[in-house]
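Chain by chain, the residues run as shown.
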Amino acid sequence: MNRLPAAGYRLPFVFIVVLGIGSLAFDLTLSARLPSDGDWAEAAAALRANTQPGDAVQIWPVWAERARSFVDTMPVLAEEDPIGADYAGVRRLWVLSLPRTPFFSLPDLANRGATPASGERRFGALALRAWDLHAPAIAADLTASAEQHEVDYVARRCVRVPIGAHFAVRGAAGTALHVRAGVIGERAYDNGRPPVEVRVVVDGTPLVELAVPRAERDGTGWRKADVPLPPGAPDRDFEFFVSSPDAGRPFCLAAWTTR
Amino acid sequence: MKRLPVLIGFFTAAAMALTQAPVGFTRDEGYYFTAAQSYEAWLKIFFHSPAAAIAQTERYWSYNFEHPGLTKLLFALSHLAFTPWLPDTLAWRLPAFFFAGLLSYWLCVLGLSRSRAAGILAPLLFWCAERTFFHGHLACFDVPICALWAGVGVAWLAALRRLPATGYRPPVWFGILYGISLAVKHNAWVLPGVLLVHGLLIRERRRALLTLPWILLSPIVLVACWPLLWHDPLRHLGDWIAFHTHHVHYAWWYFGAVLRAPPFPIAYPLVVDALALPLPLVVLLAAAGLSLLVDFARRRLDAQRLLELGLAGAAVLPFMLRTTPIFGGIKHWLAFVALLTPEAAGLLVKAADLAGFRRAVQIAAAAVLLPGAWQIVHLHPYGTSAYGELAGDVPGAATLGMQRQYWSNNVTAVLPWLNAHCPPGARVYFHEVNVESYRAYILSGMLRGDIRYAGGPADADYVALQWHREFRDREPETWNAFGTHRPATGLYLDEVPQIVVYARPGLPGAP
C-alpha cells in the first residue's frame, strides 16, 4: 500500500484552516463593503442638489430601504424588476445601489431603452447614477392616488376598488391607455379563487378586458393591459368595471394615458 | 471523565443565563409564558388542595393543549420557586438553560467516546453559531427536545453496553428518559422506530430487543407530567396528534419565492442549514454526514456511530418528505446538527492529528469556531436573522431572497427608542409581536407599562414593522395611515431592514 507523502496528510487540516480564515476574513470585512450613515447622507445631499420634476430613486438591491431615512426630495422606489417596471410618470431614474454587497447584480436599464443621464458617482459603498427612461409623457393619471398598496410585493400607487364596484373618471385621452390591476397582499395567492375581471369602457364603448387570475408564482400578480386609444375627443370618460364571483379580496387598480 | 461533561453542561447553562437579557420574546414563547402562568395557578391550588386541583385540570391545562406539559410545567415551577429573587421572564427561562446544559452534557459524552478533544469540541461546534445559540435561550421546546434526542440515544447505548457480568439491571432510566422526551415535544414519536432499526442492525440485537420494550414506561411519564391527560385522556391525546398531523403551513421565503404549501423542495432543510450556519461548520458537518454514510455502506459503523447516523437522519428526514411544515428556520431539526457534531469533532481532531503540528487541534478548532463566535458577537440576540458565509451573511441572504427573520423577537432593538419617545399612553402597532409577548415585555421592564397595543397602523401613533415578505402590505398601509414614507428608526443588520419604526408626523421622534 502506498503511503501518502506527509503533505497529503496535512491537506484536510490546511483546507479547514484556510476555510476558517477565509470565512472570518469575509465576515470581518463585510462592514467595509456597506455604506455608513455618512455615505447615505452624502448620496441624499447629491440627490437634493440635482432634483428635477419627474425624478425618482430606485434602490438596488431592493432591500436597501434604509435609503428612505435619508432621501427626502424624491420618491424612493423598490421595484423588483427594473427592466419591466412601469415607472409611470418618472422621467429620470436615479439608481442608488450597494455594488459591493454579496451576489450584487444590477439589471442593465439599457435593456428597457433607458440611457445614462449621468456618470456613476460613488459615496463610499454607495453608487449613484441617473438614467433617462425616455418614457412617453403622461397625458392623464386617471387613478391619481396618493395611496400606495402592495401588490406582488411592490408598493404601488393605485386605488382600491371593491370587487363588484366600478371606478369612473374623465381625463385626457392621449394615444394609449395603460391599465394595471392586482389583488392586494397575500390574498392574491388564495387557492381556488376565481379570477377578477376588469372591463374598461371609454365614452360608453368597451375597449379592453383585463383578467387577474389567482397569482400562482411571485411576480405574476400585477396584471397589465396597454392598448391604443382610437381617435376621438381629447378628453374622454373612462369607466373600469371590476367583477368576480369572489368579492372578498382587496383589489387595486391603476390607469393612465400617455401622449 | 464524568466531570468534563458536567462542567461543559454547567458552562453552557451559565452562558445562556448570562446572555439571555437582550433576547426578545418569540411569538411561541409568549404563548408558553401564558401557559406557564396558568399552570402555576394550578400548582398553587395543587399544593394547597390536590383534590381541588385535580378536579380543575381541564380549566388550567387546556391552554396550549397542542404541546405536552412537561417543559411548561418546569417553566411554571421555576417561576414559582425563583421569582422572589429573579425577574419573571428569567425565572421562566431557567429550565431552558438547564436543557441547553443537558444537550452539551450528552454531546460531550458522545464525543468523549472518540477522544477528550472531541468531547470538548462536539458541544462547542453545536453552540458556536448564532442560530443555535439563540435557541438555547428560549423558554420553548426546540432545544429541550434536541437535548433529549441525544439523551435518549446515550441512555439507549448505555443500556446496550451494560456488561452481562454486572448482572441484569432493567433499563428503567432509558424508558423514563424516552417518556420525558415524549412529554417535551411530539418529535419524540419517531424515536422508537429509529431505535428499533438500530437494534436490528447491531450485533447486540438480542439485548436491544429486550431493552426496547422499556419505552412502554413512557406513557406513564407522559401522563404524570401532563395533567391535561388526567381527564378524558383519549380525547386530549387525539387533539394533540390531530393538531400536528394537520398543522397549518406558514409562508416562508426561500430563494425569492414564498413557499406557502406543499410540495416543498426536498433539500430544503439541508440548504437552509448550509446557508444559516457558519461555512466551516457546514463543511465539517457535511464531512461528518458523509463519513457516517460511507462507513455505513461499508458496514464499518459501531453501535454508537450507527445510532448517531440514525438519530441525525431521523431529525431531518421528516422535513424532506415535501409535505411536512417547514417554517421556523432550522429549529425543528436542530437534532440533525447536534447528532452530527460528535463525528464532526472526531474528524476535526483526526485531521489535526494527521497534520502532525504542535497545537494543530487548537488551530483547527479556532478556524472552525471563530466564524461562528463572530456571528454570535455580531448578531446576538437577533438569532433568527443570522446567515453564514455561504449565503453571503445577512446581506447576501437578503439578495438571495431568504427568510429575513421569523417570530418577532428582533423588536427588542427598538423598545428603548419607543420607551424614550412615546408620549404617555401612546398606541403602538407591534405587528408580529403577539399580545402575550407584549405583556411579557412590560412585565420584564423592557417596555413602558403605559404604552398601549394597537390593532393596526390606522389606530396607532407608532408602528414597529417586522420585515416579512408575506406582510409587505403593512408598510404601504402605514404610509397611507401616517402620510409619510420616512422611518423614524429601525433595526438594520448589515444594512438589511429587520424592524422599521414609523411615527405619526408631529409626535416625538418623528423625522
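Conventions used here
Residues numbered from 1 in each chain as written. Chains lettered and ligands numbered in written order. Predicted model: local features only at pLDDT ≥ 70, side-chain atom pairs only at ≥ 80, totals over all residues. Heavy atoms only, no water. Helix = DSSP H or I, 4+ residues; strand = E, 2+ residues; numbered from the N terminus. Rg over C-alpha atoms; globule rule 2.2 N^0.38 Å. Buried < 20%, exposed > 50% of the residue type's maximum accessible area, 1.4 Å probe, protein only. Contact = heavy atoms within 4.5 Å. Areas by Shrake-Rupley, 256 points an atom, 1.4 Å probe, with all protein chains shown as cover. Lys, Arg positive; Asp, Glu negative; His and termini not counted. Charge placed at Lys NZ, Arg CZ, Asp CG, Glu CD. Buried area = accessible area lost by both parts, 1.4 Å probe. Salt bridge = Lys/Arg side-chain N within 4 Å of Asp/Glu carboxyl O. Polar contact = N/O pair within 3.5 Å; in protein donor to acceptor, adjacent residues only side chain to side chain. Nonpolar A, V, L, I, M, F, W, Y, C, P; charged D, E, K, R; others polar. Pairing = 2+ DSSP bridges. Axes fitted to C-alpha atoms, helices over the stretch in contact; angles between N-to-C directions. Domains from an automatic or database assignment. Patch = residues over 30% accessible without salt bridge, like charges linked within 9 Å, V, L, I, M, F, W, Y side chains within 5 Å. Parallel < 35°, antiparallel > 145°, perpendicular 65-115°, else oblique. Left-handed = near helix turned anticlockwise from the far one by under 90°.

A. Quick look at the overall build of chain B. Within chain B one finds 23 helices and seven strands. The C-alpha atoms of chain B give a radius of gyration of 24 Å, which matches the 24 Å a tight globule of 511 residues would have. Taken along its principal axes, the extent of the C-alpha atoms in chain B is 80 × 65 × 45 Å. Of all 511 residues assigned to chain B, the portion counted as buried reaches 60%. Long-range contacts, defined as pairs at least 24 residues apart, comprise 74% of the intrachain contacts of chain B with a sequence gap of at least 6. Roughly 19000 Å² of accessible area belongs to chain B as shown, and the carbon and sulfur atoms make up 66% of that amount. With 39 positive and 30 negative side-chain charges, chain B shows a spacing of 9 Å between the two charge centroids.

B. Inspection of the interface of chain A and chain B at higher detail. The partner chain B presents 51 residues to the 43 residues of chain A that form the contact. In total, chain A and chain B occlude about 4100 Å² of area from one another, counting both sides; carbon and sulfur atoms represent 63% of this. When the buried area of chain A at its contact with chain B is split by residue, Phe13(A), Trp63(A) and Arg68(A) rank highest and sum to 17% of it. Inspection of the chain A/chain B interface yields five salt bridges. Note that Arg260(B) is salt-bridged to Glu186(A), the shortest N-O span being 3.0 Å. Inspection of the region where chain A meets chain B yields 14 residue pairs in polar contact (both at pLDDT 80 or more). Mapped onto the side of chain A that touches chain B, the elements with two or more residues apiece are helix 1 (6-29), strand 8 (148-151) and strand 9 (154-157) of chain A. Broken down by element, the side of chain A that touches chain B gets its largest block of residues, 14 residues, from helix 1 of chain A. For the side of chain A that touches chain B, a count of residues per class yields 25 nonpolar, six polar and 12 charged.

C. Representation of the sheet that holds strand 5 (residues 462-466) of chain B. Residue and element names in this part refer to chain B. Taken together, five strands build an open sheet; the order of strands is 4-3-5-7-6 and the sheet is mixed. Bordering the open sheet on either side are strand 4 (452-453) and strand 6 (489-493), each of which pairs with just one other strand. With two bridges connecting them, strand 3 (residues 427-429) and strand 5 associate as parallel partners. Across the sheet, residue Val 428 finds its bridge partner in strand 5, namely Tyr 462.

D. Summary view of the sheet that holds strand 14 (residues 205-212) of chain A. All names here are of chain A. The four strands lie next to each other as 11-16-13-14, forming an open sheet whose pairing is antiparallel. The open sheet has two free edges, formed respectively by strand 11 (166-172) and strand 14, since each of these has just one partner strand. Pairs of neighbouring strands in the sheet enclose a mean axial angle of 20°, with direction left out of account.

E. Representation of the domain arrangement of chain A in the model. Residues and elements named next belong to chain A. What the domain assignment lists for chain A is domain 1 (33-132) and domain 2 (138-258). If you look at the interface, domain 1 gives seven residues, while domain 2 gives eight residues. Our enumeration of links across domain 1 and domain 2 arrives at two salt bridges. A salt bridge links Lys 224 to Asp 86, with the nearest nitrogen and oxygen atoms 3.9 Å apart. Here domain 1 and domain 2 share two residue pairs in polar contact (both at pLDDT 80 or more) between them. Of the residues in the side of domain 1 that touches domain 2, the class split is two nonpolar, two polar and three charged.

F. Geometry of a nonpolar patch on the surface. A contiguous nonpolar surface patch, about 340 Å² in accessible area, is contributed by Leu7(B), Phe10(B) and Phe11(B). Assignment of secondary structure puts Phe10(B) in helix 1 (residues 3-18).

G. Quick look at the packing of helix 9 (residues 142-161) of chain B against helix 18 (residues 334-355) of chain B. Residue and element names in this part refer to chain B. Relative to each other, helix 9 and helix 18 sit at 40°, their axes nearing to 9 Å. Relative to helix 18, helix 9 is oriented oblique. Helix-helix and strand crossings are classified by hand; for helix 9 and helix 18 the assignment is right-handed. Here Asp 142, Val 143, Cys 146, Trp 149 and Ala 150 of helix 9 lie close against helix 18, whose contacting residues are Leu 334, Ala 335, Ala 338 and Leu 339. Residues belonging to the contact of helix 9 with helix 18 are distributed by class as follows: eight nonpolar, no polar and one charged.

H. Expanded view of the pattern of salt bridges. All names here are of chain B. Here the structure, examined in full by the defined rule, presents 33 salt bridges over all chains. Asp 142 serves as the salt-bridge partner of Lys 185, at 3.1 Å between the closest nitrogen and oxygen. Within this pair, whereas Lys 185 is found in the loop between helix 10 (172-182) and helix 11 (191-201), its partner Asp 142 is found in helix 9, the two being separated by 43 residues in sequence. By relative accessible area, Asp 142 is classed as buried at 5%. The closest approach of N and O atoms between Arg 235 and Asp 239, which form a salt bridge, is 3.9 Å. With Arg 235 and Asp 239 both in helix 14 (residues 233-245) and four residues apart, this pair spans about one turn of that helix. The exposure class assigned to Arg 235 is partly exposed, which follows from its relative accessible area of 39%. Look at Asp 239 and you get partly exposed, because its relative accessible area is 31%. What emerges from the salt-bridge pattern is a single network uniting Arg 114, Asp 295, Arg 305, Glu 308 and Glu 343.

I. Seen up close, the packing of helix 1 of chain B against helix 7 (residues 116-127) of chain B. Residues and elements named next belong to chain B. Across the interface, helix 1 lies against helix 7 with an axial gap of 11 Å and an inter-helix angle of 20°. By the angle between their directions, the pair helix 1 and helix 7 is classed as roughly parallel. Seen from above, helix 1 lies across helix 7 with right-handed handedness. Of the residues in helix 7, those touching helix 1 at Leu 4, Ile 8, Thr 12 and Met 16 are Arg 116, Gly 119, Ile 120, Pro 123 and Trp 127. Here the residues of the contact of helix 1 with helix 7 sort into six nonpolar, two polar and one charged.

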